[in-house]
Every structure is written in C-alpha cells, then in structure tokens.
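What the coordinates show
Take a look at the letters that make up each chain.
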Amino acid sequence: MDVTLNGKVAVVTGASSGIGLAITQAYLEAGAAGVVAVFRRAETPPELEALLAAYPDRLAIVRGDVAEEITAIAFTRAAIDRFGRLDILVSNAAISVVKALHLHTPEEWDTVMNANVKSLYWAARHVIPVMSAQKNGLIIVSGSISGEAGIPTQGAYAPSKGALHQMTRQMAIEYAKDGIRVNTIACGTVDTPIVHKSAASSGDPDAYWAMLRNAHPIGRIANPEEIAAFYTFMASDLATFFTGATLMLDGGYTAQ
C-alpha cells in the first residue's frame, strides 16, 4: 500500500514543534506538492530550516497567531499564491493551561479558547470558500482525549477540545455537499513541548510523566512520528470515506 500525497497542497498550523513539525516533514516526504508551515515563533527552528533546505520549492512558512483572523488570511493566500490550490488544512496549533476550571483567570480562559477553538472558525472563513470552489478539500483537526474524557487540571483545554470535536461533526455535515471532508484525530498523550511544559508546571515532573504513562493501557505515550504517519494516511486518497469522524489515537485511553 503506497501512502502518497502527490499533487496535494497542505497548510499545517503549529508547525514549529511536536506533532505539527512531524506532520510537516511527513507530508513533504509523502510527496506533497506544497506545505505551508504556520507558527508564531519569531525564529525558525533548525528542523524546519533543514526542511527548507531539502524542499525549497515545496515548503513555505507563514508566521502568525492562529487566534487572529489575519493569520488565516495569510496562510490561505500563501497556499494559493505559492502552490495554486489548497487541498488539506491541518488545524493543529493549540495551547494548554494546567489548572482546574475555577482557578483559570478570565484571560487564561480566553487565550485557550481563542487559540484552540476560534482559530478553526477563522480558518473556516477563508479555507472553506477555496475548497468549495475546488469542490474538494480536507480539514484534519487535532483533538484530544481531553475532549472525550474528564481529566484533572484540564480546565479550559478539555472544553476547547470538546468544542473542536463538535465543530468537526457540524462542518462535515455542512460542507459534504461541497466535496469537503472534516475529521478529528484525537490523540492521547504525545511527547511534545506542550506536554513537557505541563510536566514542569505540575510541581513533580517525574510523577507527572509516570502518571501519563500509566494512564494509557498500552503502557507508554506516543511519539510525534507515529502520530504524523496516521495524519499522512488520513490525508491520502486511501481515506476518502472518512468524514465527521473523531478518531481516537490514544493507546487505549478512552477504551477504559
């Protein structure tokens, strides 16, 4: 079975590290015609610099905060201007604050919701018209086990992911007639910088990591590369009957 993205153009948000960076690399290696990597860091991480050197004609970078509409305008325009079309949006950028709900400040709540949820609304405003005109398109949303199960200290993060899971269903039904499919990949814990930050904030990082491993029946957490491999399959023509799905890639977490 040959998993290929030949001829496809993708936008990947949160592409400077973790899952987003792994997806960007995997899509390029799978033959994508173009990838627009979106992130807000001022500096380009060395891994992306290496990809730019290896794929100078197939990788573009857009810097911006996905919580702001101007970023959605910019990455949509970059895909069209640089590569001529937009086939896949991977809405992956997210932030987390490790607190119980009542301990969040209003500013923290708004920051999480804007980055994790409103960002998909902004993207839809600009990506959907392009895909509708093409009569073809795919949106993959990065969900979470936190959107399906109650987990301590996931105060704003869990509701934000639950909202994304429902937006997936809504958009899949709304835009199926336009040839647009929408799916969520809801991961368990993945070894990414956001998880390292959460561990550091916990007060006892060793206990936090042990808790994460033990929480997954498979006995470990995931690495970004295995997650990216599934994102690549879901973006390929081998997965075209999937839409409106929330796919649990979670080491058995939600089966408990």
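Our subject in this report is the structure included herewith.

Definitions and cut-offs
All residue numbers here refer to positions counted from 1 along the written sequence of the relevant chain. Owing to the predicted nature of the model, reporting of local features is limited to residues with pLDDT of at least 70; listing and counting of side-chain atom pairs is limited to 80 or more, with chain, interface and lining totals taken over all residues. Derived side-chain values reflect all non-hydrogen atoms in the structure, with water molecules and hydrogen atoms excluded from consideration. Helix axes use the C-alpha atoms of the stretch in contact, all axes being lines fitted to C-alpha atoms, and the angles between their N-to-C directions lie in the range 0 to 180 degrees. Think of it this way: any DSSP run of H or I at least four residues long counts as a helix, any run of E at least two long counts as a strand, and we number them from the N terminus. Any angle that falls under 35 degrees is termed roughly parallel, while one over 145 is termed roughly antiparallel, one within 65 to 115 roughly perpendicular, and all others oblique. Handedness of a crossing is defined here by the sense of rotation of the near helix relative to the far one, left-handed for an anticlockwise turn of less than a right angle and right-handed for a clockwise turn. Any two residues having at least one pair of non-hydrogen atoms within 4.5 Å are treated as being in contact. Following the grouping adopted for this structure description, the nonpolar residues are Ala, Val, Leu, Ile, Met, Phe, Trp, Tyr, Cys and Pro, the charged ones are Asp, Glu, Lys and Arg, and the polar ones are all others, Gly among them. Think of a salt bridge as a Lys or Arg side-chain nitrogen and an Asp or Glu carboxyl oxygen that are within 4 Å of each other. For every residue, the accessible area obtained with a 1.4 Å probe (protein chains only) is divided by the maximum for its type, and the residue is called buried under 20%, exposed over 50%, and partly exposed between those limits.

1. A look at the packing of helix α1 (residues 18-29) against helix α8 (residues 224-235)
Put simply, α1 and α8 touch, their axes get as near as 8 Å, and they point 55 degrees apart. The orientation of α1 relative to α8 falls into the category oblique. With respect to the hand of their crossing, α1 and α8 are arranged in right-handed fashion. Where α1 approaches α8, its residues Gly18, Ile19, Ala22, Ile23, Ala26 and Tyr27 are matched on the opposing element by Pro224, Glu225, Ile227, Ala228, Tyr231, Thr232 and Ala235. For the contact of α1 with α8, the residue count by class is 10 nonpolar, 2 polar and 1 charged.

2. Quick look at the pattern of salt bridges
Within this structure, the stated rule accounts for 8 salt bridges. Note that Arg220 and Glu226 form a salt bridge whose closest N and O atoms lie 2.8 Å from each other. A residue is classified by how much of its surface remains accessible, and Glu226, at 31% relative accessible area, is partly exposed.

3. Considerations on the side chain of Thr71
Mapping Thr71 onto the fold places it in helix α3 (residues 69-83). With near-sequence residues (within four places) excluded, Thr71 lies in contact with Val38, Gly64, Asp65 and Val66.

4. Looking at unusual backbone geometry
The backbone of Lys135 shows a phi angle near 60 degrees, a positive value even though the residue is not glycine. Positionally, Lys135 belongs in the loop between α4 (106-134) and β5 (137-144). The exposure class assigned to Lys135 is exposed, which follows from its relative accessible area of 53%. Unlike most non-glycine residues, Thr153 shows phi in positive territory, near 65 degrees. Within the secondary structure, Thr153 sits in the loop between β5 and α5 (157-175). The exposure class of Thr153 is partly exposed, given its relative accessible area of 36%.

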